[in-house]
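# Notes for the structure review
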Amino acid sequence: MPELFHFQHPQWLWALAPLTLVLLWLRQRDRQDSQWRDVIDRPLQPLLLTGGGDGRRARWLAPLGIGWLIATIALADPVWQRKPQPVFQTDAARVIVLDLSRSMTVADLKPSRMARARYKVEDILNSGQEGLTGLVVFAGDAFTVTPLTRDVDTIRALLPSLEPAMMPVQGSRADLGLLKGGELLRQSGNRHGQIILIADGGPVKETTAAARKLAAKGYRIDVIGVGTPVGGPIPGLHDAQDKPIIVPLQEKLLRTVASVGGGRYLPVASGADALQTLLAAGTAENANAVDKLDARQQQWRSNGPYLTLLLIPLAALAFRRGWLVSLLPPLLLLAQPGPLLASPLDGLWLRQDQRADRALRQGQYQQAEKLASDPLRKGSAAYREGRYQQALQAFSQASGADADYNRGNALARLGRYEEAIKAYDQALAKRPGMQDAIRNREAVKKRLEKQKQQQQKNSRKQKNDQSSPSKQSSRQQQSQQKQQQGQSAQKQQKQNAQQKPSDDRKNADKTQSSSQQQSGIT
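Worth saying up front: this structure is predicted, and the values here are computed from it rather than measured.

## As for the pattern of salt bridges
A side chain of one charge can pair with a side chain of the opposite charge when the charged atoms of the two come close. Tallied over the entire structure, the rule returns 19 salt bridges. The shortest N-O distance in the salt bridge between Arg156 and Asp153 comes to 2.4 Å. Here Arg156 pairs with Asp153, and both are found in helix H5 (residues 152-158), just three residues apart, close to one helical turn. In this structure, the salt-bridge partner of Arg220 is Asp222, at a minimum N-O distance of 2.8 Å. Across this residue pair, the class does not change: Arg220 and Asp222 are buried. Connected via shared salt-bridge partners are Asp108, Arg113 and Asp200.

Below, the structure written as structure tokens:
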């Protein structure tokens, strides 16, 4: 169709500009030569005029111009048709086993157990998890509502019509529902799969045995319990004494079934995060391969390579004339394989984002950051080089789940764990089931808890260190007082010792003078 015609690489059309300039220049030159042709005789024109005449010039100019035009249009790649392209999707499979026994009409959960169970099935269908989904219902027996399909809208359309009253056999055979789900997975050729049981109970021995049997075959069983431990009466149903029949939630049985089946147990009132974790765990365990489907994605059919076939006759003509042979040595030299190094000519053949990707693959992170215009590429280059702050700034300028996930990684590297967890939560909100974000979030959460424990430990140690110096200072003051007292005592003793000899000397002088007086008298 004409409205679909366009060029996939229209920038190559600029290569026609040099050809246009050459043609204009030759036209002007021909006008100048035509004046001399009017004066010079025709036999002498090839000898006197530059260019050797119009005929000789046309023999090489026409093929060159046509070849240039064809090559330029081929490089611009004109397209006008679409072609189908296969899409690859995961082969993860899950079967929802829904309880339709009369106990599901109990209103211990508002508006009823049945309504809450339908809401939970809607949440599973709206989770965005890839793979196949099937639906099985059970009461006194089990029946397949929809086989494994990727069209969850079919299951969603059938949900409002599912009521306990439609079941031909009454009862609560959860074991038969589990076995029917395993049969559905086996018939579809899935050696692994996830069975999600949504029920309020069942026969203990039979249900536990069925879960153990399915787990041995490689199927994971997750359980969502509907109801309360207190329970409530079944509307319109009484026992032999005309008393209402109270049916509580068999939580112990359902937890045992999940444990035996290698899965998890969740109450129906659990939040979206818990449900996403349950579904992601089942997808991660069971999506071990990819499956080629008939789903098609439209892509433009390239016609540029076919136009290059028109250059073959022109190339043969050029070889015959011999002037193309002179271009072979430099062309072969340029075609020699070598290391992928940056070249000044890269700008002619690669877009700037392609050059940035190539620099990123080759480990030239600074070059990739300069060339990249996309914040994600800039951030990836800075992140791989270890400049996490610059990476964080670049990732913050982008939007989407990948940007939030990369921002969380940069924040984690910077030790800002709480902000990293918030970034991972934003990524999971935009793309539920993002496995890398789930794993990194758990790892960062553990680091944050460990950091808080270390901070608490350091805080207690700091308090002890602050209290111990006061004790030490009091002890030092006491020891200083004792030292001062000892020094004063020693000083007093020294003074006493100095005074005694002086007194003795005075007494000796007195004794000597009295003796002298006595001797004089004699």
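## What about the environment of Asn406?
In this structure, Asn406 sits in helix H18 (residues 401-413). Asn406 sits 26 residues away from Ser380 along the chain, and the two C-alpha atoms are 8.2 Å apart.

## Points about a nonpolar patch on the surface
A surface patch of nonpolar side chains, about 360 Å² in accessible area, is lined by Tyr306, Leu309 and Ile312. Secondary-structure assignment places Tyr306 in helix H10 (residues 304-307).

## A word on the confidence of the model for the protein chain
Per-residue confidence for the protein chain gives a mean pLDDT of 76; residues scoring 70 or more make up 70%. Under a pLDDT of 50 for its full length, residues 496-522 has, in the predicted model, zero contacts with residues more than four places off or in other chains.

## Section: helix H17 (residues 388-396)
When we look at burial in H17, the residues that qualify are Ala391, Leu392, Ala394 and Phe395. Projection of H17 onto a plane perpendicular to its axis shows the buried side chains occupying an angular sector of 165°, all on one side.

## A word on the packing of aromatic side chains
Counted by the stated rule, this structure contains two aromatic pairs. Summarising the aromatic geometry, the rings of Tyr383 and Tyr388 are spaced 5.2 Å apart at their centres and angled 65° between planes, so their arrangement reads as edge-to-face. Ring centres 6.1 Å apart and planes at 45° place the aromatic pair Tyr405 and Tyr424 in the tilted group. Taken together, the residues span a long stretch of sequence, with Tyr405 in helix H18 and Tyr424 in helix H19 (residues 417-430) at a distance of 19 residues. According to the relative accessible area criterion, Tyr405 is buried, its value standing at 15%.

## Description of unusual backbone geometry
The phi torsion of most residues other than glycine is negative, and most of the peptide bonds are trans. Along the chain, Lys110 connects to Pro111 via a cis peptide bond; the corresponding omega equals -5°. Structurally, the position occupied by Pro111 is in the loop between strand E4 (93-99) and helix H4 (113-125). Backbone geometry places Asp242, a non-glycine residue, at a positive phi of 60°. Looking at the element boundaries, Asp242 is found in the loop between strand E9 (232-238) and strand E10 (244-247). Taking the relative accessible area as the measure of exposure, Asp242 reaches 57% and is therefore exposed.

## Side note on the pairing of E9
As paired elements, E9 and E10 share three bridges and run antiparallel to each other. Along E10, the bridge assignment pairs Pro233 with Ile246. Linking E9 back to E10 in an antiparallel pair, the connection comprises five residues, with Asp242 at a positive phi of about 60°.

## Focus: the sheet that holds strand E11 (residues 265-267)
A sheet is described by the order of its strands in space; here six strands give the open sequence E6-E5-E4-E7-E8-E11, paired in mixed fashion. Of all the strands in the sheet, just strand E6 (142-149) and E11 have a single pairing partner and so form its edges. Shown here is a sheet whose adjacent strand axes are inclined to one another by a mean of 15°, direction ignored. Running at roughly 170° to E4, H4 makes contact with E4, strand E5 (132-138), strand E7 (193-199) and strand E8 (219-225) of the sheet.

Calculation rules
Residues numbered from 1 in each chain as written. Predicted model: local features only at pLDDT ≥ 70, side-chain atom pairs only at ≥ 80, totals over all residues. Heavy atoms only, no water. Salt bridge = Lys/Arg side-chain N within 4 Å of Asp/Glu carboxyl O. Helix = DSSP H or I, 4+ residues; strand = E, 2+ residues; numbered from the N terminus. Buried < 20%, exposed > 50% of the residue type's maximum accessible area, 1.4 Å probe, protein only. Patch = residues over 30% accessible without salt bridge, like charges linked within 9 Å, V, L, I, M, F, W, Y side chains within 5 Å. Areas by Shrake-Rupley, 256 points an atom, 1.4 Å probe, with all protein chains shown as cover. pLDDT = per-residue confidence, 0-100. Contact = heavy atoms within 4.5 Å. Arc of directions from axis to C-beta. Phe/Tyr/Trp six-rings, centres within 6.5 Å; stacked < 30°, edge-to-face > 60°. Pairing = 2+ DSSP bridges. Axes fitted to C-alpha atoms, helices over the stretch in contact; angles between N-to-C directions.

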